[in-house]
Amino acid sequence: MTYRQTLDWMFVQLPVYQQKGKKAYKAKLDGIKAFASHLNNPQKQFKSIHVAGTNGKGSSSHMLASILQEAGYKVGLYTSPHLKDFRERIRINGKPIRKHKVVEFIATHKSFLIGKQLSFFELTVGMAFDYFSEKQVDIAIIEVGLGGRLDSTNIITPEVSLITNIGYDHTDILGNTLPEIAYEKAGIIKKGVPVVVSEHQPEVASVFEDKSKEVKASLVFATEEDYPTYETDLLGTYQTKNIKGVLATLDLLKGFPISNIHLEEGLLNVSINTGLMGRWQLLSENPKTICDTAHNKDGLALVLNQLKGEKFSKLHIVLGFVKEKDLDSVLSLFPEKAQYYFCKPDIVRGLEASFLQKKALDFKLKGAVYASVKEAYDAAKVNAFASDFIYIGGSTFVVAEVL
């Protein structure tokens, strides 16, 4: 098969959470353990840092990778979901896995994948671990897909575990309260492996304290520590807390000397070094146009708070969500004084734009419905003057369609 045919097979044959939601989620580790065994347990052949959290885990993973790259290490990076190309998920020193490697991996293991009925995520985790092992990375940054305790990435024993923060997201799977969600994230804490929690949140701190004591793992809350201030090319003001978590993690990482210049250059060159996209990303000037993948209450609250600090004549918001989103909690965050362009991301889980428009009216958010994200964005560009501001968001999948 060609690369395109291989991707088509992967997306059609294997259940994909991004497309199908809860139906594609496997709340057990049997599948990935069987696959890892089939691959001769590649996860045991490289060192790693495991990163979980409701918001900030993607940015933090990329920051860690960038800094370690600047320090001269060969760094694997596994993240999800991808925005434009599947290969974004699996990188070494910022370079995506080669297309022929994806094709060869599927061709070699296709019968096993079908026979064991593995999910798309189990496949990608196995592929990443196999690739990092084959290429003999010095260390890999492994981002949790969803939750932690039962996530397919949770078969590694890392050098350090990092949990960024806890907020309401994927409550249909992880639980309806912050302590329940924290319990799932705390599932990545391993015996004797130091753990960093980027933010000290009183509602859930005891969950991490109890788990750490249980497995005799040292625990650091990064926001309670003093660190120098560093600048980063990732423009969101919300990155400040992520940076603290990253610095605390690197403090606990043994055997990987990192200098201050590596920290500075790594944080200033995250996007260049790792290919990160979609975090308060500037698409154009005049009108200033920003997209951001924030998609839950806590993430959107941070982004929309930053939006308040911008100066513009009129605000245009291109907005779309997935079906299982708690609209009441997120729509209440958005400003009434804006022109909205409602759209549906082009996935099965995409929320109908007409339904979103109707629901938004309850919060006095007014705008028109568009047949696609592209049409909504095009309309915003036509309507906006140079002194205006365009924001595109609500879902990772909306952002993916404008990049």
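Just above, that's the structure.
Residues numbered from 1 in each chain as written. Predicted model: local features only at pLDDT ≥ 70, side-chain atom pairs only at ≥ 80, totals over all residues. Heavy atoms only, no water.

(A) Fine view of the overall build of the protein chain. Helix and strand content of the protein chain: 17 helices and 14 strands. Its C-alpha radius of gyration of 21 Å places the protein chain within 12% of the 22 Å reference for a compact globule of 403 residues. For the protein chain, the spread of C-alpha atoms along the principal axes amounts to about 55 × 50 × 40 Å. Put simply, the protein chain has 403 residues, and 57% of those count as buried. Long-range contacts, defined here as pairs at least 24 residues apart, represent 76% of the contacts in the protein chain between residues at least 6 apart. Per element, the accessible surface of the protein chain, about 17200 Å² overall, is 49% carbon and sulfur. (Helix = DSSP H or I, 4+ residues; strand = E, 2+ residues; numbered from the N terminus. Rg over C-alpha atoms; globule rule 2.2 N^0.38 Å. Buried < 20%, exposed > 50% of the residue type's maximum accessible area, 1.4 Å probe, protein only. Contact = heavy atoms within 4.5 Å. Areas by Shrake-Rupley, 256 points an atom, 1.4 Å probe, with all protein chains shown as cover.)

(B) Representation of unusual backbone geometry within the structure. A cis amide bond links S80 to the next residue, P81, at an omega of -10°. Relative to the helices and strands, P81 resides in the loop between β2 (75-78) and β3 (90-92). N286 connects to P287 through a cis peptide bond whose omega is 0°. Here P287 shows up in the loop between β9 (281-284) and β10 (288-291). One non-glycine residue, N93, lies in positive phi territory at about 50°. Here Q117, not a glycine, exhibits a phi torsion of approximately 50°, which is positive. The topology assignment puts Q117 in the loop between α5 (99-116) and α6 (120-134).

(C) Seen up close, the pairing of strand β6 (residues 160-163). The two faces of β6 match: V160 and L162 on one face and S161 and I163 on the other face are all buried. Direction of pairing for strand β1 (residues 47-52) relative to β6: parallel, over a ladder of 4 bridges. Bridge pairing in β6 places V51 opposite L162. Pairing between β6 and strand β7 (residues 195-197): 3 bridges, direction parallel. Counterpart to S161 in the pairing with β7 is V195. (Pairing = 2+ DSSP bridges.)

(D) A look at the packing of helix α1 (residues 3-13) against α5. At a closest axis distance of 9 Å, the pairing of α1 and α5 adopts a crossing angle of 40°. Judged by the sense of rotation from one axis to the other, the crossing of α1 with α5 is left-handed. Judged by residue contacts, Y3, T6, W9 and M10 of α1 engage K99, V102, V103, I106, K110, L113 and I114 from α5. (Axes fitted to C-alpha atoms, helices over the stretch in contact; angles between N-to-C directions. Left-handed = near helix turned anticlockwise from the far one by under 90°.)

(E) Just the sheet that holds strand β14 (residues 389-393), in detail. The strand order β9-β10-β14-β11-β12-β13 describes an open sheet built from 6 strands, whose pairing is mixed. Every other strand in the sheet has two partners, leaving β9 and β13 (367-369) as the edge strands with one partner each. Strand after strand, the sheet turns through a mean of 20° between neighbouring axes, direction not considered. Two strands pair when backbone bridges link them, and strand β11 (residues 315-319) and β14 are joined in this way by 5 bridges, in the parallel orientation. For I317, the partnering residue across the bridge sits in β14 and is Y391. Its contacts with the sheet put helix α15 (residues 353-361) on β11, β12 (339-342) and β13, and the angle it makes with β13 is roughly 160°.

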